[in-house]
Amino acid sequence: DVNDYLLSGRTKGDIEGLIAQAEVIECKQKALSSGALSSGRGEPFKLIREDGQIIFESKDRSYRIRGLSAARLDQLKVNIKISVNGSYHLDTFDLYNAKSRQGFISQARKVLSLEPAVLNQDLSLIVEHLEDEQARMLEKSNQKTEDRIQMTEQERQEAIEFLKSPDLFERILTGFKFCGYVGEEMNLLLGYITAVSRKLQEPLATLLVSRSASGKTTLQDAVLSFTPPEDYEKYTRLTDQALFYKEEASLKHKLLAIEEEKGASGAGYSLRNLQSAHGLRIAATIKDPATGKLKTDVYKVSGPTAIMITTTYSESFDYETYNRFIILTIDESIEQTKAILERQRMNESIEGLILKRQREKIRKLHHNAQRLLKSLEVANPYSERLTFIDSVLRARREQPKYLAIIKTIALLRQYQKEIKTASNEQEPFEYIEVDLKDIEIANRIANQILGRSLDEM
């Protein structure tokens, strides 16, 4: 002991000499898949991993741990079973919660006649090891994600060639056709643009309105199938407060897709804030598990987030939320129905089976292309020369959508542009500029679609 060493009459120079002569010992992990740890009574704990569970086993007792997750590092909630000579005590609780931990120790002492001090030391050792285990699980999970989205050099070059295509938007539509989607060209393009807008600071939001069985969900799924899986979240239902309690970065620069508006009617307030303020903050009152007193915790969810929702009845959507969306309507004509039925029959033929085998390659191309897109600033040198309808009040909300469509198209065509650098007082930043082709494509889409949003009927 350093203190005893000094009290025995040794000097600072003696300690410095020992440090200079010290042998460096490599630090090893506390335990591998099986091994030994020191228990609360000093005897060794054997560590065993089997069938998704972890067992800490000593001479007279064992702890079986199930349900360990790396989803939240501020919790260590597990199912824990302690066994002694055939008797056992079982509970599920958060090992970080001192009150719950003491409750477990109290019950285990009564059932198994173990000393509280021993149980306390055992749990401390288990917590320490489970934290290491949780960190390994998180690292492994992150590695799996990186492996899943890793591109070969050939895939990277194919994605860049796709993004550089002069007929990029025609190729996007061709990709949708190959994947079995009929008609709805403007809706598919705007859906694709909405998904890409997640990379901007002011993303788009779209609302797909039509009767049941018309193909709303099919169109939404078509757009999602071309979006990298790690860049979107889809839900069939959202409770009123659900978004407030998500992980802080879980929606940042992502596409939030909700399958049916009725499943999110109570979440309208959080959806509006996610669009307007590009994030959410909620202060919630909770009870401190250690003291029992009430305290305020702040939960924060960061944006920006692109949003896509389907609905059968637009008037059921509250007006404040509704007018923040670009409204898309599905083609319910007889001609479109005939085209869909023909395509369904063709899918059963040998030609359809061959096309199905090519679809995964097409989707992967779009995933890789979108992964290569940078979140750049977009400047529009033509903005002051653009015009927009000014005879209705709602135009104040609609023009920003039009400008955002132009910016997203420019962002999608960034590999066909020069990336420039500008600087403010703080730091330089990269940007690209809108060109006339971006505006031409945006006008083609906006003329057909934004008119519906401007219609007060």
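Check the entry above for the structure.
Residues numbered from 1 in each chain as written. Predicted model: local features only at pLDDT ≥ 70, side-chain atom pairs only at ≥ 80, totals over all residues. Heavy atoms only, no water.

Explain the pattern of salt bridges here, please?
Pairing is possible between side chains of opposite charge, provided their charged atoms come close. Throughout the structure, instances matching the rule amount to 20 salt bridges. Note that Asp-231 is salt-bridged to Arg-198, the shortest N-O span being 3.0 Å. Linking Asp-231 in the loop between α8 (216–225) and β8 (232–235) with Arg-198 in the loop between α7 (185–196) and β7 (205–209), this pair joins segments that are 33 residues apart in sequence. Residues Asp-231 and Arg-198 agree in their burial class; the two are buried. Between Lys-420 and Glu-433 there is a salt bridge whose closest N-O contact spans 3.2 Å. Here Lys-420, found in strand β15 (residues 420–423), pairs with Glu-433, found in strand β16 (residues 428–433); they are 13 residues apart in sequence, far enough to count as distant. (Salt bridge = Lys/Arg side-chain N within 4 Å of Asp/Glu carboxyl O. Helix = DSSP H or I, 4+ residues; strand = E, 2+ residues; numbered from the N terminus. Buried < 20%, exposed > 50% of the residue type's maximum accessible area, 1.4 Å probe, protein only.)

Quick question: what am I supposed to make of the nonpolar core here?
Soluble globular proteins: nonpolar side chains tend toward being buried together. One finds Phe-169, Ile-172, Leu-412 and Ile-445 to be the most contacted residues of the largest nonpolar core, which totals 58 residues. In contact with Leu-412, not counting residues within four places along its chain, are Leu-163, Leu-168, Phe-169, Ile-172, Tyr-192, Val-196 and Leu-373. Among the nonpolar cores identified, the runner-up in size contains 25 residues, and Phe-56, Ile-82, Phe-93 and Ile-126 belong to it. (Core = buried A, V, L, I, M, F, W, Y, C linked by side-chain atoms within 4.5 Å. Contact = heavy atoms within 4.5 Å.)

What is the right way to look at the packing of aromatic side chains in this model?
Within a pair of aromatic rings, the relevant descriptors are the distance that separates the centres and the angle that separates the planes. Tallying each qualifying case throughout the model produces nine aromatic pairs. Summarising the aromatic geometry, the rings of Phe-176 and Tyr-181 are spaced 6.1 Å apart at their centres and angled 70° between planes, so their arrangement reads as edge-to-face. For Phe-176, a relative accessible area of 1% puts it in the buried group. Looking at Tyr-181, the relative accessible area reads 15%, which means it is buried. Taking the centre distance of 6.2 Å and the plane angle of 90° together, the rings of Phe-176 and Tyr-192 count as edge-to-face. Of this pair, Phe-176 sits in helix α6 (residues 168–178) while Tyr-192 sits in helix α7, and the two are 16 residues apart along the sequence. Site record: aromatic cluster; members linked through ring pairs are Phe-176, Tyr-181, Tyr-192 and Phe-226. The ring of Tyr-88 has Lys-81 sitting right over it, with the charged end atom 4.4 Å from the ring centre. (Phe/Tyr/Trp six-rings, centres within 6.5 Å; stacked < 30°, edge-to-face > 60°. Lys NZ or Arg CZ within 6 Å of the ring centre and 35° of its normal.)

How should unusual backbone geometry be read in this particular structure?
Most peptide bonds adopt trans geometry, and most residues besides glycine take a negative phi value. Residues Gly-303 and Pro-304 are joined by a peptide bond in cis, for which omega reads 0°. Tracing the backbone shows Pro-304 in the loop between β11 (294–302) and β12 (305–311). If you check the backbone angles, Glu-184 has positive phi at about 55° while not being a glycine. With respect to the helices and strands, the residue Glu-184 is situated in the loop between α6 and α7. Positive phi values are uncommon outside glycine, yet His-278 reaches one of about 60°. Mapped onto the fold, His-278 is located in the loop between α9 (268–276) and β10 (279–287). The class of His-278 is partly exposed, set by a relative accessible area of 22%.

I tried to follow the packing of α7 against α8 on my own but got confused; where do I start?
Think of two packed helices as two axes; the pair is described by the angle between the axes and how far apart they sit. Interhelical geometry of α7 versus α8 gives an angle of 50° and a closest axis separation of 9 Å. Accordingly, the angle class assigned to the pair α7 and α8 is oblique. Seen along the crossing, α7 lies across α8 with a hand that is right-handed. Only Leu-219, Ala-222 and Val-223 of α8 make contact with α7, whose side of the interface consists of Asn-187, Leu-188, Gly-191, Tyr-192 and Ala-195. (Axes fitted to C-alpha atoms, helices over the stretch in contact; angles between N-to-C directions. Parallel < 35°, antiparallel > 145°, perpendicular 65-115°, else oblique. Left-handed = near helix turned anticlockwise from the far one by under 90°.)

Mind showing me how you'd approach the side chain of Ser-270 here?
For Ser-270, the position within the fold is in helix α9. Excluding its chain neighbours within four sequence positions, the residues that come into contact with Ser-270 are Asp-240, Leu-243, Phe-244 and Leu-280.

Just checking my understanding: could you explain the sheet that holds β15 for this structure?
Hydrogen bonds along the backbone pair up the strands of a sheet, which may run parallel or antiparallel. As summarised here, the arrangement of the three strands in space is β14-β16-β15, forming an open sheet in which the pairing is mixed. Every other strand in the sheet has two partners, leaving β14 (377–379) and β15 as the edge strands with one partner each. The sheet shows a mean angle of 50° between the axes of neighbouring strands, direction not considered. Pairing of β15 with β16, which is carried by four bridges, proceeds in the antiparallel orientation. The partner of Ala-422 across the bridge, within β16, is Phe-429. (Pairing = 2+ DSSP bridges.)

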